[in-house]
Amino acid sequence: MHGVQLWAGMDPTLEDCDPSFEHYGAEEIPDFEGGPVRIRLIAGTGFGHRSPVGVTGPTGCADLQWRGDGNLAIDTEHEEHAVYPLEGAADVNQSPVGRGQLAVVGEAGEMKISATAGTRLLLIGGARRRAPLHMHWNYASSSPTRRLEARRRWADGAFPSAVGDDDTPESDPTPAP
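Cut-offs applied
Sequence positions are assigned chain by chain, starting from 1 and proceeding in written order. Given that the model is predicted, a residue must reach a pLDDT of at least 70 before its local features are reported, and side-chain atom pairs must reach 80 or more before they are shown or counted; all residues, however, enter totals for whole chains, interfaces and linings. Heavy atoms throughout the structure, all of them, feed into the side-chain values; hydrogens and water do not. The secondary structure listing takes helices from DSSP runs of H or I that are at least 4 residues long and strands from runs of E that are at least 2 residues long, numbered from the N terminus. Distance and chemistry together define a polar contact, namely a pair of N or O atoms within 3.5 Å, with one atom able to donate a hydrogen and the other to accept it when in protein, and with adjacent residues in sequence counting only for side-chain atoms on both sides. Contact definition: two residues touch when any of their heavy atoms are within 4.5 Å. Burial classes follow relative accessibility: with a 1.4 Å probe on protein chains only, a residue under 20% of its type's maximum area counts as buried, one over 50% as exposed, and anything between as partly exposed. Only strands that DSSP links by at least two bridges are regarded as paired with each other. The angle between two axes is taken between their N-to-C directions and runs from 0 to 180 degrees, where each axis is a line fitted to C-alpha atoms and a helix contributes only its stretch in contact. Working definition: a ring pair exists when centres of Phe, Tyr or Trp rings (six-membered ring for Trp) sit within 6.5 Å. Plane angles under 30 degrees give stacked, over 60 give edge-to-face, the rest tilted. Here the expected span of a helix is defined as 1.5 Å times the quantity of residues minus one. Note that the arc is defined by the directions from the helix axis to the C-beta atoms.

Student: Give a description of the side chain of Ser 141 that names residues and reports values.
Tutor: The topology assignment puts Ser 141 in strand S13 (residues 139-141). A distance of 3.1 Å separates polar atoms of two side chains, one belonging to Ser 141 and the other to Glu 15. Of note is the side chain of Ser 141, whose polar atom sits 3.0 Å from the backbone nitrogen of Ser 143. Ignoring sequence-local partners within four residues, the contact set of Ser 141 consists of Glu 15, Pro 132, Leu 133, His 134, Arg 146 and Arg 147.

Written out as structure tokens, the structure reads:
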């Protein structure tokens with residue numbers, strides 16, 4: 001079993017939107033074959049398909065599982081791409097990438113991934129971020145002021161609990177300023 005948590009950077013004009021949560025069953029996620037690879041499109045667009053999972057900008061996120069040895073040629077549609085091996089290893093554009101490494105591919109164009117049966121990769125794509133990003137722990141914003149305000153609000157317990165989450169919220173590892 002794998003657990004991967006992804007955070008998508010939003011356009012700065014959308015950063016103050018209301019929080020939301022969506023759930024989709026496995027049967028709702030596009031699941032198809034591409035040569036020796038089973039492809040599940042988790043979010044966004046890719047391979048001529050669209051996931052029902054909501055995104056706020058150009059995004060693609062796919063779970064790629066090699067059922068046999070072989071290659072997957074991808075005509076990338078997003079501005080930037082990365083590949084993250086969950087099981088096994090692969091060659092991405094003839095460069096080796098091992099489990100737990102993130103290979104940033106960069107520019108759109110054709111990408112070739114070679115792998116053996118049993119390899120499982122996460123393919124991530126989207127628009128290049130042009131606004132600055134200020135991060136600390138669970139806080140990320142294009143504005144350092146908004147990031148600091150979120151830290152203060154979290155420390156004061158001002159964020160509502162997630163629906164169905166009865167656990168005590170985790171504490172920021174550093175005190176709020």
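Student: Account for the environment of Gly 70, with residues named and values stated.
Tutor: For Gly 70, the location among the structural elements is in strand S5 (residues 70-75). Residues Gly 70 and Pro 132 lie 62 residues apart in sequence; the distance between their C-alpha atoms is 39 Å. When near neighbours in sequence (up to four residues on either side) are disregarded, Gly 70 contacts Pro 36, Ile 113, Ser 114 and Ala 115.

Student: How would you sum up the pairing of strand S2 (residues 37-46)? Please name residues and give values.
Tutor: Of all 10 residues in S2, 8 are buried, a share of seventy percent or more. Where strand S1 (residues 31-34) meets S2, 4 bridges bridge the pair, whose relative direction is antiparallel. Counted as the bridge partner of Asp 31 is Arg 40 from S2. Between S1 and S2, which pair antiparallel and follow one another directly, the connecting turn spans 2 residues, one of which, Gly 35, has a positive phi of 65°.

Student: Explain the sheet that holds strand S7 (residues 90-92) residue by residue, including any values.
Tutor: Strand order in the open sheet formed by 4 strands is S5-S10-S7-S8, with antiparallel pairing between adjacent strands. Every other strand in the sheet has two partners, leaving S5 and strand S8 (95-97) as the edge strands with one partner each. With strand direction ignored, the average angle separating the axes of adjacent strands in the sheet is 25°. Pairing analysis gives 6 bridges linking S5 to strand S10 (residues 110-115), with the strands arranged antiparallel. Directly across from Asn 71, in S10, lies its bridge partner Ser 114.

Student: Can you tell me about the packing of aromatic side chains, naming the residues and giving the values?
Tutor: Applying the stated criterion to the full structure yields 3 aromatic pairs. Ring geometry for Trp 137 against Trp 154: centres 6.0 Å apart, planes inclined by 70°, an arrangement best described as edge-to-face. Residue Trp 137 is found in the loop between strand S12 (134-136) and S13, and its partner Trp 154 is found in helix H1 (residues 144-155); the two are separated by 17 residues along the sequence. By relative accessible area, which is 28% here, Trp 137 ends up partly exposed.

Student: Quick one: what's the story with H1, residue by residue and with numbers?
Tutor: The end-to-end C-alpha distance of H1 is 17 Å, a good match for the 16 Å that 12 residues give at a rise of 1.5 Å each. Buried residues of H1: Arg 147, Ala 150 and Arg 151, and no others. Taken end-on, H1 shows its buried residues confined to a sector of 100°, consistent with a single buried face. As for H1, its buried residues are in contact with S12 and S13. Immediately beyond the C-terminal end of H1, within one or two residues, lies Gly 157, with a positive phi of roughly 70°.

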